[in-house]
Structure formats: C-alpha cells, structure tokens
Amino acid sequence: MSDQIKFIVDNLNKEPFRKNYNLITFDSLEPMQLLQILNDVLAEIDPKQVVDIREEMPEHTAKRMLSLLGILKYKPPGNATDMSTFRQGLVIGSKPVIYPVLHWLLQRTNELKKRAYLARFLIKLEVPSEFLQDETVADTNKQYEELMEAFKTLHKECEQLKTSGFSTAEIRRDISAMEDEKDQLIKRVERLKKRVETVQNHQRMLKIARQLRVEKEREEFLAQQKQEQKNQLFHAVQRLQRVQNQLKSMRHAAADAKPESLMKRLEEEIKFNSYMVTEKFPKELESKKKELHFLQKVVSEPAMGHSDLLELESNINEINTQINQLIEKKMMRNEPIEGKLSLYRQQASIISRKKEGKAEELQEAKEKLASLEREVSVKTNQTREFDGTEVLKGDEFKRYVSKLRSKSTVFKKKHQIIAEFKAEFGLLQRTEELLKQRHENIQHQLRTIEEKKGISGYSYTQEELERVSALKSEVDEMKGRTLDDMSEMVKKLNSLVSEKKSALAPVIKELRQLRQKCQELTQECDEKKSQYDSCAAGLESNRSKLEQEVRGLREECLQEESRYHYTNCMIKNLEVQLRRATDEMKAYVSSDQQEKRKAIREQYTKNIAEQENLGKKLREKQKAVRESHGPNMKQAKMWRDFEQLMECKKQCFLKQQSQTSIGQVIQEGGEDRLIL
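Residues numbered from 1 in each chain as written. Predicted model: local features only at pLDDT ≥ 70, side-chain atom pairs only at ≥ 80, totals over all residues. Heavy atoms only, no water.

In the annotation of an unreviewed UniProt entry, the protein is listed under the name Intraflagellar transport protein 81 homolog and assigned to Lynx pardinus. Entered under Subcellular location (unreviewed entry) in the UniProt record, the comment concerning the protein runs "Cytoplasm, Cytoskeleton, Cilium basal body". UniProt annotates the protein under Sequence similarities (unreviewed entry) with the comment "Belongs to the IFT81 family." (UniProt positions renumbered as here; feature names shortened; annotations may be inferred.)

As structure tokens, this is what we get:
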C-alpha cells in the first residue's frame, strides 16, 4: 500500500498535474479532495471530464466516473457483492477504493488516452429492433456503421503512417528545397525571356518551338506505349509457352501413369486425410478444450498468495507419492496376463506415437511446401513489379547466362581500354605540366629581355590583340552560322508542322466527336449531381432530426439510470439500517441474557457505566493531586536547596584538596596553621 501511495504521489507531482504533495499531506486529504484529484486524472485522459465536483451532484459524479471507468475497462477487485461496495466507496470518496483506481490510471495514462479517444467514435449505439423497422432509421443506422468502419480503417492507416518513419521536418526541408528550385527556375526563365526578346520574330519562333515540344512529347508517349505493348506481347508469349510446357508435362504424366498407380495415390491421400480427421484432430481439439477449461478455471479463481502456492505444492507432492505407491503395488502383483497385455499395449502405444509423429512430419512438410510455393509466387510478383519481367527458367536462364558471359568479356575489354586511356592521360598530363613550366621560363626570359630593351609589355599586348581579333572572327562566324541555322530550323519546323497537321487531321476529327460526347456526359453528370445533392440534403436533415431525438433519449436514459443507481444505493442503505434495527429489537425483547448482552443498547449502557466509573476514579485522583500539590511543591523546593547545599560542599572539598597539594594544614586548639 505504501508503494502504491508513493507511486501516486510521484506521478501527481510531475507534469501535467504539479500538485506538490508528500506522503503525509496526500494521506491526510479529505474524501472530497480525493474525488477531485481522481476527476483531474480522468480529465487528463478525457478532456470532457473537466468538472468541479463541488458544483455537481454526487450521484452524477459517481455515474460519470463509473461510465468512463467502464469504457477504459477498469476491473475493480472482488466479485459482484464487492461491486456495490466499490460504487458506494466511489460516491463517498473512500481511500481503499480511490487509491487503486488512481494507481491503475497513472500507470497507463497514454494507453488510456488513446482508448478514451477511440471510445468516442467506436462505442456502438444500440438501436431497438422496433425502431429499425423504419426504413429511414435503418438506412441511417447502416450509414452510421459504415462510417464507423471507415473510421477504423483511417485510424489504422494513421497509426501506420506515424510508425512508418516519415518525418515532418524532412518533408518541410523537401518542400523548402523545391520552392528554392522553383524560384531559381523562374529566374532562369525570366533571363531566357529577356535574351529571346532581342531576336526578331521571337513570338512566332516560340510558338513553333512550343508546337515542336508538344509533338516530341506525343512522339515519346507513343513510343512508350509501343514499348509497353511490346513488353506485354513478350510476357504473353512467355506465359503461353509456359502454359504449353505445363500442358505437355501433364499430358506426358497422364500418358505414363496407370489407373492402379493413380488409385493407389488417391487411396493414400484418403487414408491420411481420414486419419487426420478421425484421430489426430479430435485428440488435439479435446486437449485444447481441456486446456481452455483449465485456463478459464484458473482465471475465475481469485489471486493466489505465497501460502496458497505452498499448500498446492504440498498437495501435488502427496498425490505424486500416492501415485508412486500404487505403481509399486501394481508391479509387486506381476500377473502374467497383465504383463502380456502391457507388452502389447506398449507396442500399440509406440506404433501410435510413431504414426502421430509421421503424420505431424507430413503435415509440416505440406505446410512448408505451401509456404514455399506462396513465397515463390510473392517473389515472382515482386520481380515482375520491379522490372516488369518474368522469372527465367530452364533454357531461357541458360541463354541469359551465356548473354551475361559475352557481356562480361566485352566489359573486360572495355575496362582494359579505359585503363590504357587512363595511363595515356597520365602521360599527357605530365607532358602538359612540363610544357607549362617551360612556357613560364620562356615568358620570364622574354620579360627580362623586353625590360632591358625598354619595351616591357610588348609581347603581352601582341597576344591580347591576336586573341581579340580571333574572338571577333569567331563571333562573326557564329552570327552568320546562327542566322543560317535559324533559317534552316524554321524551314524544318514548317515542314514538321505541316506533316504533323496532316497526321493529326483524323485524330482531330475523332477528338471533335469525343468532345461532343464529353459535353453530353457532363450535362448528364450535372443532372445526376443535382439529384444527388437534393437527396443528400434530405437525408442530412432527417439524420440531424434523428440525432437530436437520439441525444434526448440518451440523456433521459442516463438520467433514469443514475436515478436507478441512486435509489438502489439508498434502498441498500435503508435495508442495512432496517436489518440492524430488527436485530436490535430482537436482542432487546429476547429473554435470553446472552442475546440481551449482544444488543447495542446494553453494550452502550455498559460502556457508559464503565466510563462513569473511570471518570469518578479520575476525579478522585485529581482531588488527591490538588490536595498534595502544596506540600509536594515545598518538598521539591527543599530538595533543590539540599542539592545546592551539597554542590557547595563539593566545591569546598575540591578547594581544600587543592590547598593540601600546596602545603599542609594543621588544626590545633581551634586554630588552622599552614606549613609550607
């Protein structure tokens, strides 16, 4: 109990309660304060429980707490009779009732928060069968159940997403990176637009380029469709070949097989299945039932302590000794007929065990085979989804291996060529470094000669002039080339546009027909949508009315239930009081003296007489104390004075002893003399 209180106090002092209790202050709390603490803990689990219990009726408080504890699946200790005491203890704020509830709630707060949240949506509202006869109520109830199932699936998906490892911080970083890339692309597009605006007829050229891009995308899409169709055709051909091979193998097996072998195989399968159904499965079912019955019996029994376990162990040991004694007696008899029968029984049990073992091995082998087949199918599906190809078998796999070998030889040759190129690149890099060093030396010598002649910077100026002239010639060539390229590109684009127009003419005709059909379908869709909206509005209004009615009926039901529980508790209290009153009357009226002594009145009168006698004795003792108070005080004063006198004599004696250590005192004739 002390550990329990310590755990409660520690958790109440933490977030989010911050009560600042210790063991003494918590244990000295009043029942109303304990109930308020319990209500605060329940409000932390379910925010709808935030209530000041001083402003609420006690029966409403008990009913609200009991309903929430039932939703949270709290099981109070004890049986049905203890349930009534649990309710009464919850109403009056009894510590033996409140402490275990607080301990249970604070141990699993996060789990209970989740359970309380789900209970708001998953506790099914039971509608009476007579109300379900109405079609509107039945449809609404069906929609309610469907929404509940949808909530279950969405909650499962949400939990899976929470545990899947996706982080909001990573997603935000990705979004910010994408936004940065978007800004860069916008800036890049603006720069390209500014460059293009300087070119003549740029709008017409942009339009032609856009048409070219669209046509290229369409061409890529058609090529992709063509490739997909080729892959599908290839897969279909492979599937057809595989099915044909299976058909051939099955025909071959059927041609080679004989009716006797087929019948024998079927008979073996029938024997095995009949053995499993008639012998093995019933035994396993019986053992499982016995185990279930035993576990239910263990669960129904109250919790055992250490003394109960010791008693059970002693009983088990006694029964084991009795069994051993009976076995020894049976072996002492040693009847021959029984010995032969026991031998046959042992052989039969050995055979049955072997049979069961082989059956289990066969069953395990079948299950393993089925699991391997499932795994193979899963792996094939995964490979098919990964790269869109089937798993290779037989000759196809051999051809694939030979192709890989040829590719590996080609790869080795290419790798050798790359190594040669790398070595040559290293040599060329070294020669480049040497030439750069030589060029720097020559330039240094040239600069020194120019400085000596008085024309420093001549070679650099000459090189710059040559470079500028070369650049100018290149720019002129590029301008001429770009104009020629643009004219050729315009011609090509015009020819491509004309070709695409001629190719797209039949497609455009089909598109016009499809557009007309699309307009008709959109018109029909709008009509159906308006009908659906009107129907949904009617159903929504009916549902809101029914919800209001159900809410009112539920409140009435809750009020009646609380009134029933309150009256039930009051009736039980009155019954207990009436029972005590009848017992008192029987004991008081009874002629038996022992029964009269058991009566509460007699006990109270006896207690009153004892207390009066005790009071008399205490008053007499008080009187004696008052009378002897004065002399006792004088005697105490005299003892204190005597103590002071003795202390003074002690001090004088100690002084005298110290003086004798210095000299010698001689008393003669009433005189004291000190001799040094």
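Participant: Got a minute to help me understand the overall build of the protein in this structure?
Facilitator: Along the backbone of the protein there are 18 helices and two strands. The 676 residues of the protein split such that 12% are buried. Pairs at least 24 residues apart make up 57% of the contacts formed inside the protein by residues separated by at least 6 positions. Only carbon and sulfur atoms are counted for the fraction: they give 57% of the accessible area of the protein, which is about 57,700 Å². (Helix = DSSP H or I, 4+ residues; strand = E, 2+ residues; numbered from the N terminus. Buried < 20%, exposed > 50% of the residue type's maximum accessible area, 1.4 Å probe, protein only. Contact = heavy atoms within 4.5 Å. Areas by Shrake-Rupley, 256 points an atom, 1.4 Å probe, with all protein chains shown as cover.)

Participant: Just to check I follow, could you spell out the pattern of salt bridges for this structure?
Facilitator: Here the idea is simple: oppositely charged side chains can pair when their charged atoms come close. Applying the stated criterion across every chain, the model contains 12 salt bridges. One salt bridge connects E44 with K113, and the closest N-O pair in it is separated by 3.1 Å. Of the two residues, E44 sits in helix α3 (residues 31-45) while K113 sits in helix α7 (residues 109-122), which places them 69 residues apart along the sequence. On the accessibility criterion, E44 (28% relative accessible area) is partly exposed. Overall, the relative accessible area of 31% leaves K113 in the partly exposed class. Notably, a salt bridge pairs E433 with R430, separated by 3.4 Å at the nearest N-O pair. In this pair, E433 and R430 both sit in helix α14 (residues 395-453), three residues apart, roughly one turn of the helix. Overall, E433 belongs to the partly exposed group, its relative accessible area being 39%. (Salt bridge = Lys/Arg side-chain N within 4 Å of Asp/Glu carboxyl O.)

Participant: How do you make sense of a negative patch on the surface when you look at a structure like this?
Facilitator: A cluster of acidic residues, E179, D180, E181 and D183, forms a negative patch at the surface. Inspection of the secondary structure assignment puts E181 in helix α9 (residues 168-197). (Patch = residues over 30% accessible without salt bridge, like charges linked within 9 Å, V, L, I, M, F, W, Y side chains within 5 Å. Lys, Arg positive; Asp, Glu negative; His and termini not counted. Charge placed at Lys NZ, Arg CZ, Asp CG, Glu CD.)

Participant: Before we go on, may I ask you to explain helix α4 (residues 58-71) in this structure?
Facilitator: Three- or four-residue spacings in an α-helix give side chains the same orientation, since the helix completes a turn every 3.6 residues. Counted at 1.5 Å a residue, the expected span for α4 with its 14 residues is 20 Å, and the 20 Å between its end C-alpha atoms agrees. Among the residues of α4, T61, A62, K63, R64, M65, L68 and L69 are the ones counted as buried. Just past α4, the residue K73 takes up positive phi, approximately 65 degrees. (Expected span 1.5 Å × (residues − 1).)

Participant: Would you explain the packing of aromatic side chains in this entry?
Facilitator: For any pair of aromatic rings, geometry is given as the distance between the ring centres together with the angle between the planes. Within the structure shown, the criterion is met by four aromatic pairs. On the numbers, 5.9 Å between centres and 85 degrees between planes, the contact of W639 with F642 is edge-to-face. Highlighted residues: W639 and F642, both in helix α18 (residues 629-662), separated by three residues, approximately one helical turn. In textbook terms, an aromatic cluster arises when at least three aromatic residues are bridged by ring pairs, as seen for Y74, F86 and W104. (Phe/Tyr/Trp six-rings, centres within 6.5 Å; stacked < 30°, edge-to-face > 60°.)

Participant: Just checking my understanding: could you explain the environment of L106 for this structure?
Facilitator: As for its placement among the helices and strands, L106 is situated in helix α6 (residues 95-107). With a relative accessible area of 7%, L106 lands in the buried category. Once the C-alpha coordinates of L106 and V41 are considered, the two residues, 65 residues apart in sequence, prove to be 7.8 Å apart.

Participant: What exactly am I supposed to notice about the side chain of T61 here?
Facilitator: One can find T61 in helix α4. Given the relative accessible area of 6%, T61 is considered buried.

Participant: Would you mind going over the nonpolar core with me for this structure?
Facilitator: Buried together is how nonpolar side chains tend to be arranged in soluble globular proteins. Among the nonpolar cores identified, the biggest contains 32 residues, and L12, F26, L38, L72, L102 and L105 are the most heavily contacted of them. Sorting the residues of this core by element identifies α1 (2-13), α3, α4, α5 (80-92), α6 and α7 as the ones contributing at least two each. When residues in this core are grouped by element, the largest group, eight residues, is from α6. Setting aside residues no more than four positions away along its own chain, L12 makes contact with F17, R18, K19, Y21, F26, I37, V41 and L106. (Core = buried A, V, L, I, M, F, W, Y, C linked by side-chain atoms within 4.5 Å.)

Participant: Explanation requested: a nonpolar patch on the surface in the structure shown.
Facilitator: A cluster of nonpolar residues, W639, F642, L645 and M646, forms a patch on the protein surface that exposes about 450 Å² of accessible area. Topologically, M646 is positioned in helix α18. By relative accessible area, which is 41% here, M646 ends up partly exposed.

Participant: Even after reading the chapter, I still don't get a positive patch on the surface, so can you show me in this structure?
Facilitator: Taken together, the side chains of K187, R188, R191 and R195 present a region of like positive charge at the surface. The topology assignment puts K187 in helix α9. Owing to a relative accessible area of 51%, K187 belongs among the exposed residues under this scheme.

Participant: Mind showing me how you'd approach the environment of R18 here?
Facilitator: As for its position among the elements, R18 is in the loop between α1 and α2 (23-27). Here R18 falls in the exposed class, since its relative accessible area comes to 60%. Apart from residues no more than four positions distant in its own chain, R18 is found in contact with L12 and N13.

Participant: Can you walk me through the packing of α3 against α4 in this structure?
Facilitator: Think of two packed helices as two axes; the pair is described by the angle between the axes and how far apart they sit. Packing of α3 against α4 leaves a shortest axis separation of 12 Å and a crossing angle of 40 degrees. The angle between the axes of α3 and α4 places the two elements in the oblique class. Note that α3 runs across α4; the crossing there is left-handed. Here α3 contributes L35, L38, N39 and L42 to the contact with α4, which in turn contributes R64, M65, L68 and L69. (Axes fitted to C-alpha atoms, helices over the stretch in contact; angles between N-to-C directions. Parallel < 35°, antiparallel > 145°, perpendicular 65-115°, else oblique. Left-handed = near helix turned anticlockwise from the far one by under 90°.)

Participant: Looking at this structure, how should I read unusual backbone geometry?
Facilitator: Trans is the prevailing form of peptide bonds, just as negative phi is the prevailing case for residues other than glycine. Phi angles above zero are rare outside glycine, and K73 is one such case at about 65 degrees. Topologically, K73 is positioned in the loop between α4 and α5.

Participant: Please explain α7 as it appears in this structure.
Facilitator: Across its 14 residues, α7 extends 20 Å between first and last C-alpha, which sits within 8% of the 20 Å expected from 1.5 Å per residue. Among the residues of α7, L112, A116, L118 and A119 are the ones counted as buried.

Participant: Would you mind going over the confidence of the model for the protein with me for this structure?
Facilitator: Caution applies to low-pLDDT regions: their predicted coordinates should not be interpreted in detail. The predicted model of the protein averages 80 in pLDDT, with 88% of residues at 70 or higher. Mean pLDDT in the protein bottoms out at strand β2 (residues 671-675), which sits at 51, and peaks at helix α17 (residues 600-627), which reaches 87. (pLDDT = per-residue confidence, 0-100.)

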